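# Examining the three-dimensional arrangement
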Amino acid sequence: MPITNQDLHALTTILVDKVRSYGILEVSIGQYKTVCSHNCSFATTRNVNSYSPELMDEYLAHLEIKIQEGTVSFGYGRFQKRVIHMLGSLAETGEVDFTAAHQTIRKYPVPEDVSSLIDAILAENRIPGTVRTDLLAPMRHLFWYAGQQGYEWSTLDDKVVMKYLITEVSVSNSGSTGRALRCVKYITEYMKANKIGHLLHDYTKLKLKNAHVRIIPAFSEEEISDISSAIDTATPLGMRDYAIILLAYGTGLRGVDIVGLKLSDVDWRGQKAKVFQFKTHSPLIVELNGEILNSLADYVLAARPECEAPEVFITTKAPYRKLSSGFAGMIDKYCEKAHVEKIPLRAFHSLRRAFETVLVSNGVPIETASRMMGHKTVTEDKPYITYDKEHTSFIAMGFADVPIRHGIYAGAGMQHQTDGGGEVL
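So, here's what we can say about the structure. (Residues numbered from 1 in each chain as written. Predicted model: local features only at pLDDT ≥ 70, side-chain atom pairs only at ≥ 80, totals over all residues. Heavy atoms only, no water.)

The number of helices and strands found in the chain is 16 helices and three strands. Counting across all 425 residues of the chain, residues that qualify as buried make up 41%. Counting only contacts in the chain whose residues sit at least 6 apart along the sequence, the fraction spanning at least 24 positions is 61%. (Helix = DSSP H or I, 4+ residues; strand = E, 2+ residues; numbered from the N terminus. Buried < 20%, exposed > 50% of the residue type's maximum accessible area, 1.4 Å probe, protein only. Contact = heavy atoms within 4.5 Å.)

Turning our eyes to something else, we now look at the pairing of strand β3 (residues 283–287). The side-chain alternation of β3 yields one buried face, formed by Leu284 and Val286, and one unburied face, formed by Pro283, Ile285 and Glu287. Two elements, strand β2 (residues 272–276) and β3, share five bridges in a ladder whose sense is antiparallel. Directly across from Phe276, in β3, lies its bridge partner Pro283. Taking the residues between adjacent antiparallel strands as the criterion, β2 and β3 are bridged by six residues, where His281 takes a positive phi near 60 degrees. (Pairing = 2+ DSSP bridges.)

Side-chain pairing between opposite charges can occur once the charged atoms of the two side chains come close. One pass over the structure, following the stated rule, counts ten salt bridges. In this structure, Arg82 engages Asp119 in a salt bridge whose closest nitrogen and oxygen atoms are separated by 2.8 Å. Taken as a pair, Arg82 in helix α4 (residues 74–93) and Asp119 in helix α5 (residues 112–124) lie far apart in primary sequence, 37 residues in all. For the residue pair Arg82 and Asp119, the accessibility class agrees, reading buried in each case. (Salt bridge = Lys/Arg side-chain N within 4 Å of Asp/Glu carboxyl O.)

The subject of this paragraph is the sheet that holds β3. One open sheet accounts for three strands, arranged β1-β2-β3; its pairing is antiparallel. Since the sheet does not close on itself, it has two edges, and those belong to β1 (266–267) and β3, each with one partner.

To continue, consider the side chain of Arg254. Mapping Arg254 onto the fold places it in the loop between α10 (236–251) and α11 (255–260). Among the residues examined, Arg254 registers a relative accessible area of 6% and is labelled buried. Those residues in contact with Arg254 that lie beyond four places of it in its chain are Gln277, Lys279, Thr280, His349, Arg352 and His375.

Turning our attention to the packing of aromatic side chains. Going through the model one piece at a time under the given rule, you end up with six aromatic pairs. Relative to Phe79, the ring of Tyr32 has its centre 5.1 Å away and its plane inclined at 75 degrees; by these criteria the two rings are edge-to-face. Of this pair, Tyr32 sits in helix α2 (residues 26–45) while Phe79 sits in helix α4, placing them 47 residues apart in sequence. Judged on exposure class, the residue Tyr32 and its partner Phe79 are both buried. Considering the side-chain rings of Tyr108 and Trp144, the 5.3 Å spacing of their centres and the 55 degrees angle between planes classify their relative orientation as tilted. In this pair, Tyr108 is assigned in the loop between α4 and α5 and Trp144 in helix α6 (residues 129–148), connecting sequence segments 36 residues apart. (Phe/Tyr/Trp six-rings, centres within 6.5 Å; stacked < 30°, edge-to-face > 60°.)

Bringing helix α14 (residues 349–361) into the picture now. Taking 1.5 Å of rise per residue, the 13 residues of α14 would be expected to cover 18 Å, and the 19 Å separating its terminal C-alpha atoms lies within 8% of that figure. Taken together, the buried positions of α14 are Ser350, Leu351, Arg352, Arg353, Ala354, Phe355, Glu356, Thr357 and Leu359. On its buried face, α14 sits against α9 (221–229), α10, α13 (328–338) and α15 (366–373). Looking one or two places after α14, you find Gly363, whose phi comes out positive at around 90 degrees. (Expected span 1.5 Å × (residues − 1).)

Residues Ala369, Ser370 and Met373 constitute the buried set of α15. Projected onto a plane normal to the axis of α15, the buried residues spread over an arc of 100 degrees and lie on a single side. The secondary structure elements touched by the buried residues of α15 are β3 and α14. A positive backbone phi angle near 80 degrees is found at Gly374, which sits one or two residues after α15. (Arc of directions from axis to C-beta.)

Of the two faces of β2, only the one carrying Ala273 and Val275 is buried; Lys272, Lys274 and Phe276 on the other face are not. Pairing analysis gives two bridges linking β1 to β2, with the strands arranged antiparallel. In the strand pairing of β2, Val266 is matched with Ala273.

Looking at the element boundaries, Ser154 is found in the loop between α6 and α7 (158–172). On the basis of relative accessibility, which here comes to 33%, the residue Ser154 falls in the partly exposed class. Ser154 sits 44 residues away from His198 along the chain, and the two C-alpha atoms are 8.5 Å apart.

All right, on to the packing of α14 against α15 then. Running from N to C, α14 and α15 cross one another at 155 degrees; their axes reach a closest spacing of 9 Å. With respect to their mutual orientation, α14 and α15 come out roughly antiparallel. Classified by chirality, the crossing of α15 by α14 is right-handed. Seen from α14, the contacting residues are Arg352, Phe355, Glu356, Leu359 and Val360; seen from α15, they are Ile366, Ala369, Ser370, Met372 and Met373. Each residue belonging to the contact of α14 with α15 can be placed in one class, and the counts come to seven nonpolar, one polar and two charged. (Axes fitted to C-alpha atoms, helices over the stretch in contact; angles between N-to-C directions. Parallel < 35°, antiparallel > 145°, perpendicular 65-115°, else oblique. Left-handed = near helix turned anticlockwise from the far one by under 90°. Nonpolar A, V, L, I, M, F, W, Y, C, P; charged D, E, K, R; others polar.)

Here you go:
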């Protein structure tokens, strides 16, 4: 039956009690209290103190704006929506609908209280939405593995964590060990701070052994020309993709920063664009040549749909919204059309690699190229600079003019040089 007392403060108190009875971790309940507090504060700004579906809809609309602005992460926004749903079910039926809190997880399923703990950890570390999605599975993995070893999540200790890192991650997640270690640091620091489990070690001191730097060939200028020529620029989709590929190749911008580029970020007269880099959280100004500007102008003026989205690049079909950062399918499609060889690991990010390779090959100092890439240190440029056949060919030059005086190769295949006494020099 519906709760008769619809006072919002009283209702949220009941909700918290119900959540605690359900078995949610006490430290995670703090997150539920915070959301309830936000909701009550919002109601106060509307001069109301009682629950109503209309008030909840208004709060959710307000929350959606915050998510779009980036002031509330996608993950924490989703958690707030879940709490509001639970509050609504309590007000209207007298019982909390916990089914919305359950998600179909195929990989590393964990109990609901562990999911709430993970939400709390990610929220405290202010992990943004896209990164949060990448971290969910490896965070569940540690708790799932502990369960397989006979541990309750609340009894996590250093023995099982080290065993997870040494024996489990190296086998199941060898390609993303860094991500797994990052999750271990978040989890253990949060649990130690809240006195959960039996953890003593400081995992923030752990570092991965540097892997060998893989040299991934960048796209050559000829390949870029073939790829861009394969795009049908007579269509809105083609005009958009053409502008994206030219922008990536001509500026070295990451795909995620191209996705976030807004119309207001482009200085058409100054032939520049400013971005706030998603990866480094630092500003960067890039120069736009005439070809890039023309492609952008053609797209914006003739192909970009009229909509409220502030981003330059948006979907071609309604509802219009900004693109995702996954451009792998785009570059693969045009590589296939242009008959450009599909080399392992070479994808859209290789356009960024090609940008720096061309700069350095044309004599631009590495320090300057590094700044243009938005890197913080020159060491970050090592994986980006592809080998250059013209420069590396010098390695294969002959040694005929280099005298070899000792060893088994002395005198082999070359005229012996002797001193006056006939001794080989």
